[in-house]
Amino acid sequence: MDVEAFEALFRDHQSEVYRWIMRIVRDPSVAEDLTLETFWRVWKAADRFDPQRGFEPWARRIATNLAITHLRHRPREIAYATEPVAPPAPDGAVTADTLLKIQSVFRQLPPKLQAAATLALIEEQKYEDIASALGISVGGVKSRVFRAVRILRKKLEKVGITP
Amino acid sequence: MNDLLKTALPPVKDLELKHDLWPAMRQRIDERTIRVPIWDWALIAAVLAWVAIFPHSALALLYHL
């Protein structure tokens, strides 16, 4: 693939790849870096690209692997107060302290489960798209989401939150 | 659980790329692509020609590498 052809491919798909990564890592500067890294790997492996399988699924899979690697290496802990930072909220409302605890517990999930849960439960992406990006079956995605929810429930109960 | 999660971690709203990433990509390609200067190619060609003309010199060349 020559540089001109690659540039056209890059310009056509950079936004979609960025959006996909952004949904997982939730940080614009990291998403930009990982978008560049995704396309760098595409450039290096261009000879292995199979046009019949489509560019988007291939790029999305590379991007997802990079995003999961990023989740694996970023700090998992978010410091949160052990004492409530705000007075107890009225019934049904969620305090800032509770939100911090949920975020912290979510970030402690194993990266593969975290990515599946983020895409399925928070970003509401199609299970087929998630399965393709993770390189597993739709059943595999459902299993990961189920395991993620189970771990979340247990850990939230430990910090005094009953979902 | 879903509602609680979405309250703590709302779906990302701003998903638009703020600027074109192509210039950065192009720079990376230019920086990381190995370029062999023309004088290096000339040297390689000269050595190969020397070995082709004088095959016995290959051993001496290997000895000095």
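Please read these numbers as outputs of a predicted model, since none were measured by experiment.

The rules we used
- Residues numbered from 1 in each chain as written.
- Chains lettered and ligands numbered in written order.
- Predicted model: local features only at pLDDT ≥ 70, side-chain atom pairs only at ≥ 80, totals over all residues.
- Helix = DSSP H or I, 4+ residues; strand = E, 2+ residues; numbered from the N terminus.
- Contact = placed C-beta atoms within 7 Å.
- pLDDT = per-residue confidence, 0-100.
- Nonpolar A, V, L, I, M, F, W, Y, C, P; charged D, E, K, R; others polar.
- Buried ≥ 20, exposed ≤ 12 C-beta atoms within 10 Å, placed from the backbone.
- Core = buried A, V, L, I, M, F, W, Y, C linked by C-beta atoms within 7 Å.
- Domains from an automatic or database assignment.
- Axes fitted to C-alpha atoms, helices over the stretch in contact; angles between N-to-C directions.
- Parallel < 35°, antiparallel > 145°, perpendicular 65-115°, else oblique.

### Focus: the overall build of chain A
Looking only at helices and strands, chain A has seven helices and zero strands in total. In chain A, the succession of helices and strands from N to C terminus is α-α-α-α-α-α-α. In chain A, the proportion of contacts linking residues at least 24 apart, taken out of those at least 6 apart, comes to 61%.

### Section: the confidence of the model for chain B
Atomic detail in the predicted coordinates should be set aside for any region of low pLDDT. Residue and element names in this part refer to chain B. Averaged over all residues, the pLDDT of chain B is 86; the fraction at 70 or higher stands at 97%. The secondary-structure element of chain B with the lowest mean pLDDT is helix α4 (residues 57-64), recorded at 83, while helix α2 (residues 22-32) shows the highest, at 90. Interface confidence for the predicted complex, expressed as ipTM, amounts to 0.75; the pTM equals 0.77.

### As for the interface of chain A and chain B
The partner chain B presents 18 residues to the 28 residues of chain A that form the contact. Every element with two or more residues in the side of chain A that touches chain B is listed here: α1 (3-25), α2 (28-44), α4 (96-107), α5 (111-122) and α7 (138-158) of chain A. Ranked by the residues each element gives to the side of chain A that touches chain B, the list is headed by α1(A), at ten residues. For the side of chain A that touches chain B, a count of residues per class yields 17 nonpolar, four polar and seven charged.

### Looking at α5(A)
α5(A) sits mainly inside the fold: nine of its twelve residues count as buried. Along its buried surface, α5(A) packs onto α1, α3 (55-73), α4, α6 (127-134) and α7 of chain A together with α1 (2-8) of chain B. Glu124(A) lies just past α5(A) and shows a positive phi near 50°.

### What about the environment of Trp58(A)?
Residue and element names in this part refer to chain A. Along the chain, Trp-58 turns up in helix α3. Along the primary structure Trp-58 and Ala-120 are separated by 62 residues, whereas in three dimensions their C-alpha atoms are 20 Å apart. Apart from the residues within four sequence positions on either side, Trp-58 is in contact with Phe-49 and Arg-53.

### A short note on the environment of Phe6(A)
Residue and element names in this part refer to chain A. You can see Phe-6 is positioned in helix α1. Distance from Phe-6 to Phe-49, taken between C-alpha atoms, is 12 Å for residues 43 residues apart in sequence. Beyond its immediate sequence surroundings of up to four residues, Phe-6 is in contact with Met-1 and Trp-43.

### Examining the nonpolar core
Residue and element names in this part refer to chain A. By size, the foremost hydrophobic cluster in this structure holds 39 residues, and its most contacted members are Ile-21, Ala-63, Ala-67 and Ala-116. Within the residue set of this core, elements represented by two or more residues are α1, α2, α3, α4, α5, α6 and α7. Residue contributions to this core reach at least three from each of two domains, namely domain 1 (1-74) and domain 2 (77-163). Excluding residues within four positions of it along the chain, Ile-21 makes contact with Ala-31, Leu-34, Thr-35, Ala-63 and Ala-67.

### Some thoughts on the domain arrangement of chain A
Residue and element names in this part refer to chain A. Domain parsing of chain A yields domain 1 (1-74) and domain 2 (77-163). In this complex, domain 1 contributes ten residues to the contact, which on the side of domain 2 involves eleven residues. Sorting the residues of the side of domain 1 that touches domain 2 by element identifies α1 and α3 as the ones contributing at least two each. A total of eight residues in the side of domain 1 that touches domain 2 trace back to one element, the largest contributor, which is α3. Counted by class, the side of domain 1 that touches domain 2 contains five nonpolar, one polar and four charged residues.

### Some words on the packing of α6(A) against α7(A)
Residues and elements named next belong to chain A. Interhelical geometry of α6 versus α7 gives an angle of 95° and a closest axis separation of 8 Å. Our classification of the angle between α6 and α7 gives roughly perpendicular. Residues Tyr-127, Glu-128, Ile-130, Ala-131 and Leu-134 of α6 form the contact with α7, whose participating residues are Val-138, Gly-140, Val-141 and Lys-142. Taken together, the residues of the contact of α6 with α7 break down into six nonpolar, one polar and two charged.

### Side note on unusual backbone geometry
All names here are of chain A. For Arg-26, which is not glycine, the phi dihedral falls at a positive 60°. Checked against the element boundaries, Arg-26 lands in the loop between α1 and α2. Even without being a glycine, Glu-124 presents a positive backbone phi close to 50°. When you line up the elements, Glu-124 lands in the loop between α5 and α6.

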